[in-house]
2 protein chains.
Amino acid sequence: MTVTLADVAARARVSPATVSRVLNGNYPVAASTRERVLRAVDELDYVLNGPASSLAAATSDLVGILVNDIADPFFGIMAGAAQTEIGGQEGTGRAGGEKLAVVCNTGGSPERELTYLTLLQRQRAAAVVLTGGAIEDPAHIAAMSSKLTKLADAGTQVVLCGRPPLPGSDAIVASLAFDNRGGGRRLTEHLIALGHRRIGYVAGPVERTTTRHRLEGHRAALVGGGLAGEGDTAEQERLTVHGSYDRRSGYDATLELLRREPSLTAVVAANDTVALGACAALRDRGLRIPEDISVAGFDDLPFSIDVVPSLTTVRLPLFEAGARAGRLAMGNETPPPGGIATIPAELMVRGSTAPPRA
Amino acid sequence: MTVTLADVAARARVSPATVSRVLNGNYPVAASTRERVLRAVDELDYVLNGPASSLAAATSDLVGILVNDIADPFFGIMAGAAQTEIGGQEGTGRAGGEKLAVVCNTGGSPERELTYLTLLQRQRAAAVVLTGGAIEDPAHIAAMSSKLTKLADAGTQVVLCGRPPLPGSDAIVASLAFDNRGGGRRLTEHLIALGHRRIGYVAGPVERTTTRHRLEGHRAALVGGGLAGEGDTAEQERLTVHGSYDRRSGYDATLELLRREPSLTAVVAANDTVALGACAALRDRGLRIPEDISVAGFDDLPFSIDVVPSLTTVRLPLFEAGARAGRLAMGNETPPPGGIATIPAELMVRGSTAPPRA
DNA sequence: CTGTTAGCGCCTTCAC
DNA sequence: GTGAAGGCGCTAACAG
């Protein structure tokens with residue numbers, strides 16, 4: 001019924017081993033033989049049996065890319081770039097030694113993250129790329145650290161992209177972390193320089209590295225600008241509302257901030273999507289941006305330049321980072337010293353921020 | 001080195017066959033035995049060897065979801081929904097009989113689409129979901145049809161989501177097609193009803209079903225409204241510019257339309273992202289939306305309600321469609337009659353369209 | 001450069 | 001309800 005290597009070998013009048021060698025291309029084979037084999041492959045319409053191949057070779061061509069939210073371009077851009085580096089190059093037409101780069105959507109759930117890693121471990125994945133912020137729950141960190149170490153020990157290349165290094169797992173190829181703290185700090189410094197003094201912050205979900213780092217940067221700027229004392233947490237908490245990384249959360253949190261402090265002159269959002277929600281809430285309250293109140297985001301997603309007014313934000317080189325992670329996973333780039341690289345974040349000043357009303 | 005089924009069997013003092021039966025749960029096993037086996041699995045930290053398992057059973061737990069552009073929420077929403085239905089349910093903690101739902105990014109390239117299908121075929125994927133518009137090149141249609149038939153024959157469930165049925169492959173489980181034609185038609189009828197007479201159209205890439213159907217709907221409305229004769233193609237072509245489904249294309253195409261016809265009173269875009277680019281171009285030309293010119297999109301992506309003015313568009317139930325495709329792929333939903341369902345598109349009138357200036 | 005020989009780790013009839 | 005044995009299709013040493 002289904003065509004096997006042996007069938008191809010018989011038709012090409014060679015041994016199965018030779019067919020295997022031709023297909024994998026890692027071995028010298030006479031041109032004429034190769035020719036004959038490839039013809040037989042085409043004639044019989046042979047497709048390699050992946051599982052059998054992986055079993056015998058003890059490796060597979062599967063590469064997993066984990067994302068927190070596949071509907072969020074933040075992840076889509078990184079994943080797409082990584083996938084291009086991993087699976088896009090060859091194109092023999094017959095699907096030769098290509099990797100199968102696939103993205104897995106955890107939905108931000110720690111359980112699903114671990115489940116996906118187990119599934120990939122089960123498939124003996126060649127590499128795994130973890131994108132986006134990590135969850136900071138100690139139990140989950142321990143579980144992840146242990147799981148990733150096992151994966152690495154089994155020969156899977158593990159790369160972190162947009163995620164800080166995981167304590168305890170040094171078997172990881174590399175960790176590319178965004179400078180969320182620095183970006184957050186420069187963003188709020190920009191607002192302070194404009195003259196803002198009452199700045200609300202719409203934070204992401206608690207227990208995520210991304211959330212914490214951006215917030216830390218924000219507060220460092222506050223302290224640096226003399227707007228808050230080192231230990232002045234009560235007031236800082238009052239002007240911070242946590243939510244998820246979506247529009248709705250930005251909308252609701254902004255209304256809450258306004259309730260807590262009606263004289264706010266600026267709102268900083270955890271990311272651009274949240275900023276969009278914040279803008280909508282402010283408009284619904286009859287406030288003009290930036291005349292009455294300034295708004296800023298983070299990430300510089302493609303739409304940020306198109307909204308009106310265009311969004312002041314912090315640009316993260318998502319595509320470049322994803323591509324680099326892909327190359328690292330494939331061993332096509334030497335890891336940074338210590339396996340850790342910090343990727344700079346650039347402040348983009350646009351129309352949504354302006355000096356506060358006098 | 002690596003723990004195998006036999007190791008677990010030895011520790012649990014049973015035969016490998018019994019362990020296999022416990023793990024797959026498709027066979028009666030005494031509760032006490034099962035208990036013992038599961039304990040041994042945990043103690044040894046055993047992870048099933050996927051390739052070996054797939055080889056022996058001649059099936060795998062891999063499910064592929066193909067998308068044209070992973071950075072586009074249009075696909076992200078559908079893929080995320082499908083993935084939830086496919087891989088999200090169980091959660092035994094030990095990763096039991098779960099499917100590995102993965103998304104593959106073709107980048108809109110026909111070659112990569114076929115390559116991914118071959119790769120999934122090679123893995124003996126349990127199911128494949130193809131999302132989004134198809135390419136209409138005859139050679140590619142033939143290749144796809146042949147490939148999908150082979151996949152289906154090999155036992156892979158094939159589902160189309162947001163893609164019209166493929167002629168020649170009836171082995172496909174189901175095809176969920178969006179009513180792009182109807183949606184496009186209603187959208188343009190809305191503009192005509194408002195009084196618009198000179199309407200530009202920013203189309204998607206040629207040779208894509210989505211592009212063609214939406215454009216056909218648009219032109220049907222034009223003809224129905226008496227704005228164009230049946231065969232009046234020259235004028236229709238003049239007011240149509242093709243591009244890709246991204247913001248940049250919307251920007252450029254809109255400038256081109258304005259060049260061809262400065263007295264345009266409305267621009268219809270192939271999708272919301274393109275509409276965003278169109279808006280930017282119009283603003284850069286000093287035109288106000290909707291006072292000077294109306295703009296409409298398609299898809300109703302989440303951001304569409306947040307842009308200013310909010311975008312008139314056509315809502316597609318992306319999440320529901322993706323979820324349904326996922327269930328169909330898993331055999332958890334009975335296919336529609338004939339394997340074909342048309343999913344309705346709903347006109348959403350918002351702030352970006354208004355009557356033309358008098 | 002090419003053929004031969006063993007498994008890779010698991011599932012699945014068949015017996016018991 | 002459980003064990004024993006064969007084979008899934010391929011690759012990786014070895015020879016030659």
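In the nomenclature of an unreviewed UniProt entry, chain A is known as LacI family DNA-binding transcriptional regulator of Streptomyces genisteinicus.

### Here we look at the interface of chain B and chain A
Each partner contributes to the interface: chain B provides 52 residues, whereas chain A provides 53 residues. Across the chain B/chain A interface, buried area totals approximately 4600 Å², and carbon plus sulfur atoms make up 59% of it. Linking chain B with chain A are six salt bridges. The partner of D306(A) in a salt bridge is R247(B), and the shortest N-O contact between them spans 2.2 Å. On inspection of chain B and its partner chain A, the count reaches 15 residue pairs in polar contact (both at pLDDT 80 or more). Only helix 4 (50–57), helix 5 (73–87), strand 2 (100–105), helix 6 (110–122) and helix 12 (272–284) of chain B provide two or more residues apiece to the side of chain B that touches chain A. Sorting elements by how many residues they give to the side of chain B that touches chain A places helix 6 of chain B first, with eight residues.

### Re the domain arrangement of chain A
You can read the domains of chain A as domain 1 (1–57) and domain 2 (180–317). Measuring from the centre of the C-alpha atoms in domain 1 of chain A to the corresponding centre in domain 2 of chain A gives 59 Å.

### Describing the protein's contact with DNA strand C
The environment of DNA strand C is made up of 24 residues, and the closest members are R21(A), T33(A), L5(B), S20(B) and Y46(B). For DNA strand C, the backbone makes up 62% of the atoms found within 4 Å of the protein, where backbone means sugar plus phosphate. Measuring from a phosphate oxygen of DNA strand C, one finds a side-chain N or O atom of S20(B) at 2.7 Å. The contact in question runs from a phosphate oxygen of DNA strand C to an N or O atom on the side chain of S53(B), over 3.3 Å. Those elements that provide at least two residues to the surface near DNA strand C are helix 2 (16–24) and helix 4 (50–57) of chain A together with helix 2 (16–24) and helix 4 of chain B. The element best represented in the surface near DNA strand C is helix 4 of chain B, accounting for five residues.

### Focus on the protein's contact with DNA strand D
Around DNA strand D sit 24 residues in total, of which L5(A), S20(A), Y46(A), T18(B) and T33(B) are the nearest. Within 4 Å of the protein, the contacting atoms of DNA strand D are drawn from sugar and phosphate to the extent of 68%. Here a phosphate oxygen of DNA strand D sits 2.7 Å away from a polar atom, N or O, in the side chain of S20(A). The side chain of T18(B) places a nitrogen or oxygen atom 2.7 Å from a phosphate oxygen of DNA strand D.

### Observations regarding the UniProt feature "domain: HTH lacI-type" (unreviewed entry) in chain A
The UniProt entry lists residues 3–57 of chain A under the feature "domain: HTH lacI-type" (unreviewed entry), expressed in the numbering used here. As annotated, residues 3–57 of chain A has a helix share of 71% and a strand share of 0%, and its two end C-alpha atoms lie 20 Å apart.

### Some words on the pairing of strand 4 (residues 157–161) of chain B
In terms of residue burial, strand 4 of chain B counts as a mostly covered element, since four of its five residues are buried. After leaving strand 3 (residues 127–131) of chain B, the chain enters helix 7 (residues 138–153) of chain B and then returns to the sheet as strand 4 of chain B, a path that is right-handed.

### Examining the packing of aromatic side chains
Under the criterion given, the structure shown has two aromatic pairs over all chains. On the basis of an interplanar angle of 85° and a centroid distance of 4.9 Å, the ring pair of F74(A) and F75(A) is categorised as edge-to-face. Of the two residues, F74(A) and F75(A), neither departs from the other in class, the shared state being buried. The ring of F298(B) has R214(B) lying over it, and the distance from NZ or CZ to the ring centre is 3.9 Å.

### Focus on the relation of the copies chain B and chain A
Laying chain B over chain A is done by rotating through 180° and shifting 0.1 Å along the axis; what remains is an RMSD of 0.2 Å. Expressed as an axis order, the relation between the two copies is that of a two-fold axis. Ranked by how close their C-alpha atoms come to the rotation axis, the residues of chain B are headed by P51(B), at 2.1 Å. Comparing contact sets, 100% of the residues at the interface of chain B also lie at the interface in chain A, consistent with an isologous, same-surface contact.

### Some details on the pairing of strand 1 (residues 62–67) of chain A
Residues and elements named next belong to chain A. Burial analysis of strand 1 places six of its six residues in the buried class, which makes it a mostly covered element. Burial along strand 1 is two-sided: L62, G64 and L66 and V63, I65 and V67, pointing in opposite directions, are all buried. Summarising the sheet, strand 1 and strand 2 (residues 100–105) pair through six bridges and their orientation is parallel. Opposite G64, over in strand 2, you have V102 as the bridge partner. Here strand 1 pairs with strand 3 (residues 127–131) via four bridges, running parallel. Across the sheet, the residue bridging to I65 is V129, located in strand 3.

### Brief notes about the environment of A31(A)
Residues and elements named next belong to chain A. Note that A31 resides in helix 3 (residues 31–44). Judged by relative accessible area, which is 57%, A31 ranks as exposed. Along the backbone, A31 and F298 are 267 residues apart, and their C-alpha atoms lie at a distance of 55 Å.

### Considering the nonpolar core
L100(A), L130(A), L148(A), L100(B), L130(B) and L148(B) are the most contacted members of the largest nonpolar core, which has 173 residues in total. When neighbours within four sequence positions are excluded, L148(A) is seen to be in contact with L117(A), L130(A), V158(A), L166(A) and I172(A).

### What about unusual backbone geometry?
Residues and elements named next belong to chain A. Of the consecutive residues I289 and P290, the connecting peptide bond is found in the cis state with omega at 5°. With respect to the secondary-structure elements, P290 resides in the loop between helix 12 (272–284) and strand 9 (294–296). The omega angle of the peptide bond from V308 to P309 is -5°, so this bond is cis rather than trans. Turning to its location among the elements, P309 is positioned in the loop between strand 9 and strand 10 (313–315). A positive phi angle, close to 60°, is found at A58, a residue other than glycine.

### Overview of the pattern of salt bridges
Under the criterion given, the structure shown has 48 salt bridges over all chains. Across the pair R327(B) and E85(B) runs a salt bridge whose closest N-O atoms are separated by 3.4 Å. Pair noted here: R327(B) is in helix 13 (residues 318–329) and E85(B) is in helix 5, with a separation of 242 residues, a long-range link. Classification of R327(B) as partly exposed rests on a relative accessible area of 24%. Shared partners join several salt bridges into a network, and the residues in it are E85(A), R324(A), R327(A) and E333(A).

### So, the sheet that holds strand 7 (residues 240–242) of chain B
Residues and elements named next belong to chain B. Overall, parallel pairing links the four strands, which are arranged 7-6-8-9 in an open sheet. Strands with a single pairing partner mark the edges of an open sheet, and in this sheet they are strand 7 and strand 9 (294–296). In this sheet, neighbouring strand axes are inclined to one another by 15° on average, regardless of whether the strands run parallel or antiparallel. Here strand 8 (residues 266–269) pairs with strand 9 via three bridges, running parallel. Following the sheet pairing, V268 is matched in strand 9 by A296. Sheet contacts for helix 11 (residues 247–260): strand 6 (199–203), strand 7 and strand 8; angle to strand 6, the most-contacted strand, approximately 145°.

### A word on helix 7 of chain B
Residues and elements named next belong to chain B. If you check helix 7, its first and last C-alpha atoms are 22 Å apart, about what 16 residues at 1.5 Å a residue would give, namely 22 Å. Those residues of helix 7 not exposed but buried are H140, M144, S145, K147, L148, L151 and A152. The inward-facing, buried residues of helix 7 abut helix 6, strand 3 and strand 4. Looking one or two residues past helix 7, G155 carries a phi angle of roughly 100°, positive in sign.

Criteria and cut-off values
Residues numbered from 1 in each chain as written. Chains lettered and ligands numbered in written order. Predicted model: local features only at pLDDT ≥ 70, side-chain atom pairs only at ≥ 80, totals over all residues. Heavy atoms only, no water. Contact = heavy atoms within 4.5 Å. Buried area = accessible area lost by both parts, 1.4 Å probe. Salt bridge = Lys/Arg side-chain N within 4 Å of Asp/Glu carboxyl O. Polar contact = N/O pair within 3.5 Å; in protein donor to acceptor, adjacent residues only side chain to side chain. Helix = DSSP H or I, 4+ residues; strand = E, 2+ residues; numbered from the N terminus. Domains from an automatic or database assignment. Near = heavy atom within 4 Å. UniProt positions renumbered as here; feature names shortened; annotations may be inferred. Buried < 20%, exposed > 50% of the residue type's maximum accessible area, 1.4 Å probe, protein only. Right-handed = clockwise from strand over helix to strand, strands pointing away. Phe/Tyr/Trp six-rings, centres within 6.5 Å; stacked < 30°, edge-to-face > 60°. Lys NZ or Arg CZ within 6 Å of the ring centre and 35° of its normal. Least-squares fit on C-alpha atoms with pLDDT ≥ 70 in both. Pairing = 2+ DSSP bridges. Core = buried A, V, L, I, M, F, W, Y, C linked by side-chain atoms within 4.5 Å. Axes fitted to C-alpha atoms, helices over the stretch in contact; angles between N-to-C directions. Expected span 1.5 Å × (residues − 1).

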